[in-house]
Amino acid sequence: MYAKLHGASITGISGNITDIEVDIANGLPQIQIVGLPDSAIREAKERVRAAIKNSGFPFPNKRITINLAPADIKKEGAGYDLPLAVGILLAEQLVVPSITLNIEKILFIGELSLDGSLQPIQGTLASAIAAKKNQFQTMILPQQNMKEAMLIDGINVFGFSHLKEIVQFLQDGSMTEMELSAINHKNIREQIDAGNIDDFADIMGQQQVKRAITVAVAGMHNLLMIGPPGSGKSMIAKRIPHILPRLEWDEVIQVANIYSVAGYGLQLNQLYQRPFRQPHHSITTTGLIGGGASPKPGEISLAHRGVLFLDELTEYPKTVLESLRQPLEDGKVNINRVKTSVEYPADFLLVAAMNPCSCGYYGSNVPNHSCQCAAWEIQRYRSKISGPLLDRIDVQVEVPWVNIETLRNDQKSQTTKEMEEIISKAIQIQQERFKEEGIMFNSEMNSKQVKKYCKLDSDSEQVLIQSFNLLGFSGRSLDKILKVSRTIADINGSDTIRPLHIAEAINYRAIDKKQDIN
Amino acid sequence: MIKREWLFYLSTLQGVGWKTLSQLMNLEQLDKISERNPLELSVETGISFSLAETILKQISIDSFKDAMNQQKKWEQQGIQLISYFDEDYPVLLKEINSPPWIIYAYGDIQLLTEFKIAVVGTRHPTPYGQAVCSAFTKDLASNGWVIVSGLAKGIDKIAHEAALTVGGKTIAVLGNGVDVIYPRENKAIYQQILQKGLLLSEFAPGVQPRPGFFPQRNRIISGLSHGTIVIEASLKSGSLITAKDALEQSREVFAVPGPITSKESTGTNLLIQQGAKLVQRLEDINNEFPYFITEKIKINNNHNNKSEETLSLHYNEKIIYNLISSIKPIHINHIIESVQFPISEVYENLLLLQIKSLIRQMPGNFYIRNS
C-alpha cells in the first residue's frame, strides 16, 4: 500500500517541489519520516494523526514510512501537514480519488489543526510559482491562501477550510458549489485598486526639493535629504513611492512573493503600489539585510522595487549602514549559512534623511534656533556616514525649514500626478537609450557607459572644470555629477548635456561641497 | 645679554609663570640665583618657600645647556625669541601693565614696528558681522594698518583673511605655541599668515592650548595695538575682555553698532553705551590717530569697485544678482519664487555667478554677495 503525491517547501524566496511517498506496511504502529525534515515536520505526525482521527477516519495502526524527496534538501515548515495526511489516507485507501483527477499533478500545501481544519501558511505564492514551473495543473491549499496563489496564471486553485472537504473533493473530482464562487485570477487583478495615496500637493513651498526628488526618481538615483527638524523630510519621503512608475505584473508577483515568504500576507489593494519601508534606527544588520537561523528576507528585500527610507541616517549603527553597500551595488543580497545559501532580491531606491549637525540647526533659518555646534562637532556628525556609502547616494539635497506664511499661502503646489508624468517621460527616454546595454536607469551606468552617454559640449566642460575648482569637489563626485546631469537633460528633453544641466547636478552635491564652517 | 638668557632659562622651568618670573626679576644678580638657598630666595623675591625649593632643585648646568640648545633649534626653525630687554620688543607692549617677559615670533617680525590695530569679535558672527568685518579690515589693511587678531574662528579668521586678500599685513596672537595650529580648521590661514604675516605667542613652541590661555593672550592683542575694534560680541564674549584690557592699557576702543535684537551685537552696543567710539567707516578710526600718516599705500584697491555695470552680466544673471544682498543671505526658495524662469536656469545662473566669484553659497542653500 503505497501512495505518492507532492508538497512544497521554501528556500529563500523560491519554492521547491517535494515528492512525498507514503508506504504503509504491517508491523509495530509508528510513523517514520525520512528525507531531512526539520522539527516542524517531525512534529507533523502528531497533528496529522489527530486531524485524521477527528475528521472521522480510522488512523491505520501500522508501520508508516514517509519519504520526502529529493532527500538532500532541507525541508522546513508546517506546510507538509496536508500532503502527509492526504498521503496516508490514499495509501490506506480510505480515500479513492475520482478518475478525473491526476493526483500526480496536484500540489498540496497547508497546515492542519488537531480538529482537521486547515491553517494558512507562509510563502504560498512561491509554491504557486514553483507549481507553474513544474507543470502542475491544480493546487489544493487552505482557503485563506487562495487569493495569493490565484495571482499565478494557468493553475486551478482550490481552497478548503477542512480536511473532510478535501476528501470529498478528491472523491467527487469536482467542486459543484465552490466552483461558482471561486475567483478567477483575472477578477483578482481587477479588484486591485490604488486606493488613497498621500499627494505631493500637500507639501507647500519646497519647490527645489520636489525638483530634486523628481530628478532622483527619474534616474533612480539614491537620495539624501539634509534639513533641520520639522522641515518635512519624512512627509516628503512617504510620498516618493507614488511618483515611481506603477509596478509591472511580474514585479507585482516578485514583491508579493517576498512579502508572502516573510509572512506578511497579501493586501490586494496595495499590490501595484511600490513598497515603502521605514525601519527604525535601532534595527540590527540581520533585520536590515535579512538572515537569521532559518533565513528571512530583511527590510532591504521588503523594499525591493520600492523605497527604503532611513530617517535620521546618522543614528544607525555604522556596521548596519556599511552592510548596505553591497546590496546597493548589486541589487540583491546573498545570505550564507552552513547548510544553505539563499539570495534575496534587494533592488530599491534608498532615501535617507539627516540633520545638518547634531543640534539640527546648522545653516538653517529656523527662528530662535541657531546652531551652537563647533566645526569639529559638525565634521564628526557628518563623518558617521562613510565615504563609500555617500558614494552610492547621487542626489543630496538640503531641505529648508518652511515658514508659516508659505505653509498657509502657497496655493499652487506641484502634485504627485504632475511629477509622475515628468518622470515617466524621462524613464522612457532612458529605456530607449539603454535598450542594448542591459540596464534601465542612468544611475546604473558604469564608467564606460558614462563616457559614452554623458558627452559634454565645450561650454559645459568649461562650467564643470570651473566649478570643480571653485567648490573643491573630489574626483569621485565627477561620475555622479555626470549621471545626474544626464537625468536632468532627459527630464528637460535635451539630447546633449548643457551647462544648466551640469549646474543643477552640481547643486545636488550638498555634502561634498567645500563650504566654510564658521 | 646674560639677563636675557637667564630670563629664557627660568621661563622654561616647571612652576614658573609670568608672575614668578616678574618676582625673580627683582633679584640683583639673576645669574647667581643658584648660590642662594630656598629660604633666602623666598625672602628676597617674595615667592613661596616651596616654589623656591622646586626652582632651585631644577637649576643645573645641564638643564641650562639644554635650554640654550632648544632655543637654537627653534631659531633654526625660524621661531625667534624676543625678550622684554630686546630692541625688537614692541614699544607699545612694553607700556602695558603686565607685559610678557618673552614672546615667540614666527614670521616677519618687521611687522612689530608698524602701526597696528586689533580687530576682534565673536566666534559665531552673523552675516552682517562677516560683511562688516571683511569690509573694515580690507579698508584698514589697504590703508597701511597691520591687522592684529587672535586666529580664532569667526571674526578673527575673517579679519586675517580679509587683510591677506588685499595684500595687507596681519599678526596673529595665539593662545598656544606658535607652531601649534589651533583650531585645526584654520590650517590654511595659519600657513598664509606664516608666509606673509607674523604669528606671535607668549607660550613656548609646542605648548597646547588651554582655556585659561586665551583671556591671557587677549591682553597682548590689545597691548600690541594702537586701538581695538570690536566687530560683533555677545555679552559673554571674550572680545569684551580684550576691550577691557585695551581700556586699562589706555588704548582706543572702537565698536561697530548692531541691531538691538541681535544677540551677537549686545556686547558691542554695551561698549558704545559705556563710551567706546562708534565706528561706521574708516575715517572714524583714522581721525583718532592724527599722528598716523595715512600712508595711502593702496596696495590692492580693486576689491571694491564691483559695480554691476562693469561686470557684463547676462540679463538673467543680473536679475538674480540683484536679488542677492551682501548683508542678509537669501534662501534659494526665495530666489526661485521671485523669478519667472525654471529652476534649472536659476541653478545655472547661481553657479555662473559663483564662478565669477560675485556671490557665494552658504550652508543650507543660502546665497550672499561677496563683499
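Counting restarts for each chain, with residues numbered from 1 along the sequence as it is written. A letter from A marks each chain and a number from 1 marks each ligand, given out in the order of writing. Selection of residues for local features in this predicted model requires a pLDDT of at least 70, selection of side-chain atom pairs for listing and counting requires 80 or more, and totals for whole chains, interfaces and linings are taken over all residues. Side-chain numbers come from the whole structure's heavy atoms, not from hydrogens or water.

(A) Up close: the overall build of chain B. Of the regular secondary structure elements, chain B holds 16 helices and 12 strands. Three labels apply to residues, based on accessible area from a 1.4 Å probe with only protein chains included: buried if under 20% of the type maximum, exposed if over 50%, partly exposed otherwise in between. Split into buried and exposed, the 371 residues of chain B put 56% on the buried side. Areas reported here follow the Shrake-Rupley algorithm with a probe of radius 1.4 Å; residue values treat only the protein chains shown as occluding. Roughly 16700 Å² of accessible area belongs to chain B as shown, and the carbon and sulfur atoms make up 51% of that amount. His is not counted here, nor are the chain ends, while Lys and Arg score as positive and Asp and Glu score as negative. All charge positions are set by atom: Lys at NZ, Arg at CZ, Asp at CG, Glu at CD. Measuring between centres, the 36 positive side-chain charges of chain B sit 3 Å from its 37 negative side-chain charges. By the criteria applied, helices consist of DSSP H or I runs no shorter than four residues and strands consist of E runs no shorter than two, each listed in order from the N terminus.

(B) Local environment of the interface of chain A and chain B. Whether two residues are in contact is decided by their heavy atoms: any pair within 4.5 Å suffices. Between chain A and chain B, the contact holds 30 residues from the first and 27 residues from the second. Buried area is a sum: the accessible area each of two parts loses on coming together, probed at 1.4 Å, counted once for each and added. Summed over both sides, the interface of chain A with chain B buries roughly 2700 Å², with 55% coming from carbon and sulfur. As used in this structure description, the phrase polar contact means that two N or O atoms lie within 3.5 Å; if the pair is within protein, one of them must be able to donate a hydrogen and the other to accept it, and residues adjacent in sequence are counted only when both atoms belong to side chains. Summed over the shared surface of chain A and chain B, the result is 5 residue pairs in polar contact (both at pLDDT 80 or more). Counting residues per element, the ones that place at least two in the side of chain A that touches chain B are helix 9 (207–218), helix 21 (458–471) and helix 23 (499–507) of chain A. The greatest single-element share of the side of chain A that touches chain B, amounting to 6 residues, is contributed by helix 23 of chain A. Each residue is assigned to one class: nonpolar for Ala, Val, Leu, Ile, Met, Phe, Trp, Tyr, Cys and Pro, charged for Asp, Glu, Lys and Arg, and polar for all the others, Gly among them. Residues that form the side of chain A that touches chain B fall into these classes: 13 nonpolar, 12 polar and 5 charged.

(C) Here's a closer look at the pairing of strand 15 (residues 332–336) of chain A. Residues and elements named next belong to chain A. Residue alternation in strand 15 divides its side chains into a buried set, Val333 and Ile335, and an unburied set, Lys332, Asn334 and Asn336. If DSSP finds at least two bridges between two strands, the strands pair. The sheet contact formed by strand 15 and strand 16 (residues 341–345) spans 5 bridges and is antiparallel. Pairing of asparagine 334 across the sheet is with glutamate 343, part of strand 16.

(D) Molecular detail of the packing of helix 3 (residues 81–91) of chain A against helix 6 (residues 163–172) of chain A. Residues and elements named next belong to chain A. Axis geometry follows a simple rule: fit a line to the C-alpha atoms, using only the stretch in contact for helices, then measure angles between N-to-C directions, giving values from 0 to 180 degrees. The contact between helix 3 and helix 6 brings their axes to 12 Å, and the two run at 50°. For the element pair helix 3 / helix 6, the angle class is oblique. Seen from above, helix 3 lies across helix 6 with right-handed handedness. Of the residues in helix 6, those touching helix 3 at Leu82, Ala85, Val86 and Leu89 are Leu163, Ile166, Val167 and Leu170. Of the residues assigned to the contact of helix 3 with helix 6, the class counts are 8 nonpolar, no polar and no charged. Here is the rule for angles: anything less than 35 degrees is roughly parallel, anything more than 145 is roughly antiparallel, 65 through 115 is roughly perpendicular, and the remaining ranges are oblique. It is the rotation of the near helix from the far one that decides the hand of a crossing: anticlockwise by less than a right angle makes it left-handed, clockwise makes it right-handed.

(E) Just the side chain of serine 494 of chain A, in detail. Residues and elements named next belong to chain A. Of note, serine 494 is situated in the loop between helix 22 (476–491) and helix 23. The class of serine 494 is buried, set by a relative accessible area of 12%. The residues touching serine 494, leaving out its near neighbours within four places in the chain, are Arg486, Ala489 and His501.

(F) Focus on the confidence of the model for chain B. Residues and elements named next belong to chain B. What pLDDT expresses is the predictor's confidence in each residue, scored from 0 to 100. Taken as a whole, chain B shows an average pLDDT of 86; of its residues, 94% reach a score of 70 or greater. A low-confidence stretch, residues 296–309 stays under pLDDT 50, and its non-local contacts, those more than four residues away or across chains, total 25 contacts. Across the interface, the model reports ipTM at 0.74; the global pTM reads 0.73.

(G) View of the domain arrangement of chain B. For each domain, the first and last residues come from an automatic or database assignment. Partitioning chain B into structural domains gives domain 1 (2–76), domain 2 (107–288) and domain 3 (296–369). Taking only C-alpha atoms, the centre of domain 2 of chain B and the centre of domain 3 of chain B are 29 Å apart.

(H) Seen up close, the packing of aromatic side chains. Between rings of Phe, Tyr and Trp, where Trp is taken as its six-membered ring, a pair exists when centres lie within 6.5 Å; planes separated by under 30 degrees are stacked, by over 60 edge-to-face, and by other angles tilted. Within this structure, the stated rule accounts for 20 aromatic pairs over all chains. When the ring of tyrosine 259 of chain A is compared with that of tyrosine 264 of chain A, the centres are 5.6 Å apart and the planes differ by 65°; the resulting orientation is edge-to-face. Judged by relative accessible area, tyrosine 264 of chain A falls into the partly exposed class, the value being 46%. Plain terms: the ring middles of tryptophan 74 of chain B and tyrosine 104 of chain B are 5.7 Å apart, the flat faces sit at 85° to each other, and that makes the pair edge-to-face. Here tyrosine 104 of chain B lies in strand 2 (residues 102–107) and tryptophan 74 of chain B lies in helix 5 (residues 61–77), a separation of 30 residues in the sequence. Classification of tyrosine 104 of chain B by relative accessible area gives buried; the value is 3%. Taken together, the ring pairs in this structure connect Trp18, Tyr84, Phe85, Tyr89 and Trp101 of chain B into an aromatic cluster. Charge over a ring is defined by NZ of Lys or CZ of Arg lying within 6 Å of the ring centre and within 35 degrees of the ring normal. The ring of tyrosine 84 of chain B has lysine 94 of chain B sitting right over it, with the charged end atom 5.4 Å from the ring centre.

(I) Representation of the side chain of glutamine 71 of chain B in the model. When you line up the elements, glutamine 71 of chain B lands in helix 5. Sequence-distant contacts of glutamine 71 of chain B, defined by excluding residues within four places in its chain, comprise Arg4, Phe8 and Leu81 of chain B.

(J) Representation of the packing of helix 22 of chain A against helix 23 of chain A within the structure. Residue and element names in this part refer to chain A. With their axes 8 Å apart at the nearest point, helix 22 and helix 23 run at an angle of 125° to one another. Judged by the angle between their axes, helix 22 and helix 23 are oblique. Crossing handedness for the pair helix 22 and helix 23: right-handed. When helix 22 is examined against helix 23, the residues Ile481, Leu482, Val484, Ser485, Ile488 and Ala489 are found in contact with a partner set consisting of His501, Ile502, Glu504, Ala505 and Ile506. Looking at the contact of helix 22 with helix 23 residue by residue, the class counts come to 8 nonpolar, 2 polar and 1 charged.

(K) Looking closely at the pattern of salt bridges. All names here are of chain A. Whenever a carboxyl oxygen of Asp or Glu lies within 4 Å of a side-chain nitrogen of Lys or Arg, that contact is scored as a salt bridge. Per the stated rule, a full pass over the model turns up 25 salt bridges over all chains. For glutamate 329, the salt bridge identified is with arginine 392, shortest N-O distance 3.1 Å. Taken together, the residues glutamate 329 in helix 15 (residues 325–330) and arginine 392 in the loop between helix 17 (387–391) and strand 18 (395–398) connect sequence positions 63 residues apart. When the shortest N-O distance is used, the salt bridge between arginine 433 and aspartate 490 registers 2.5 Å. Of this pair, arginine 433 sits in helix 19 (residues 416–433) while aspartate 490 sits in helix 22, and the two are 57 residues apart along the sequence. According to the relative accessible area criterion, aspartate 490 is buried, its value standing at 3%.

(L) Looking closely at a nonpolar patch on the surface. Among the surface-exposed residues, Leu39, Val43 and Phe49 of chain B lie close enough to one another that they form a single nonpolar patch of about 310 Å² accessible area. The class of phenylalanine 49 of chain B is partly exposed, set by a relative accessible area of 39%. Like charges are joined within 9 Å and nonpolar side chains (Val, Leu, Ile, Met, Phe, Trp, Tyr) within 5 Å, but only among residues with over 30% relative accessible area and no salt bridge; these make up the patches.

(M) How the structure looks around the pairing of strand 3 (residues 116–120) of chain B. All names here are of chain B. In terms of burial, strand 3 is largely enclosed, as 5 of its 5 residues are buried. Judged by which residues are buried, strand 3 turns out to be covered on both faces: Lys116, Ala118 and Val120 on one side and Ile117 and Val119 on the other are all buried. By the bridge criterion, 3 bridges tie strand 3 to strand 4 (residues 146–149) in an arrangement that is parallel. Looking at the pairing, lysine 116 lines up with valine 146 of strand 4. Read as a crossover between parallel neighbours, the route from strand 3 over helix 7 (residues 127–142) to strand 4 is right-handed. The pairing of strand 3 with strand 7 (residues 227–230) spans 4 bridges and is parallel. Bridging across to strand 7, valine 119 finds its partner in isoleucine 229. By convention, a crossover is right-handed whenever its connection, traced from the first strand over the helix to the second and viewed with the strands pointing away, goes clockwise.

(N) The sheet that holds strand 18 of chain A, seen in detail. Residue and element names in this part refer to chain A. If you trace the 5 strands from one edge of the open sheet to the other, you get 11-14-17-10-18, paired in parallel fashion. Edge strands, defined here as strands with exactly one partner in the open sheet, are strand 11 (276–277) and strand 18. Here strand 10 (residues 223–226) runs beside strand 17 (residues 349–354); their pairing, made up of 4 bridges, is parallel. For methionine 225, the partnering residue across the bridge sits in strand 17 and is alanine 353.

(O) Main features of the nonpolar core. Membership of the largest hydrophobic core comes to 73 residues, with the highest contact counts inside it found for Ile213, Leu223, Met225, Ile240 and Val351 of chain A together with Ile320 and Leu350 of chain B. Setting aside its immediate chain neighbours within four residues, valine 351 of chain A contacts Leu223, Met225, Ala237, Ile240, Val307, Leu308, Phe309 and Leu310 of chain A. Among buried residues, those of type Ala, Val, Leu, Ile, Met, Phe, Trp, Tyr and Cys that are joined through side-chain atoms within 4.5 Å constitute a nonpolar core. Grouped together as the second largest cluster of nonpolar side chains are 65 residues, Ile109, Ile152, Leu247 and Ala256 of chain A included.

(P) Highlighting the sheet that holds strand 2 of chain B. Residue and element names in this part refer to chain B. Pairing in this open sheet of 9 strands is mixed, and the strands run 1-2-6-5-4-3-7-8-9 from one edge to the other. Of all strands in the sheet, those bounded by a partner on one side alone are strand 1 (79–83) and strand 9 (277–278). Where strand 2 lies against strand 6 (residues 198–201), 4 bridges are found, and the strand directions are antiparallel. Of the residues in strand 6, the one forming a bridge with tyrosine 106 is leucine 199. Here helix 1 (residues 2–12) sits on the sheet and contacts strand 1 and strand 2; the angle it forms with strand 2, its principal contact strand, is near 90°. Relative to the sheet, helix 7 contacts strand 3, strand 4 and strand 7, its axis offset from that of strand 3 by approximately 175°.

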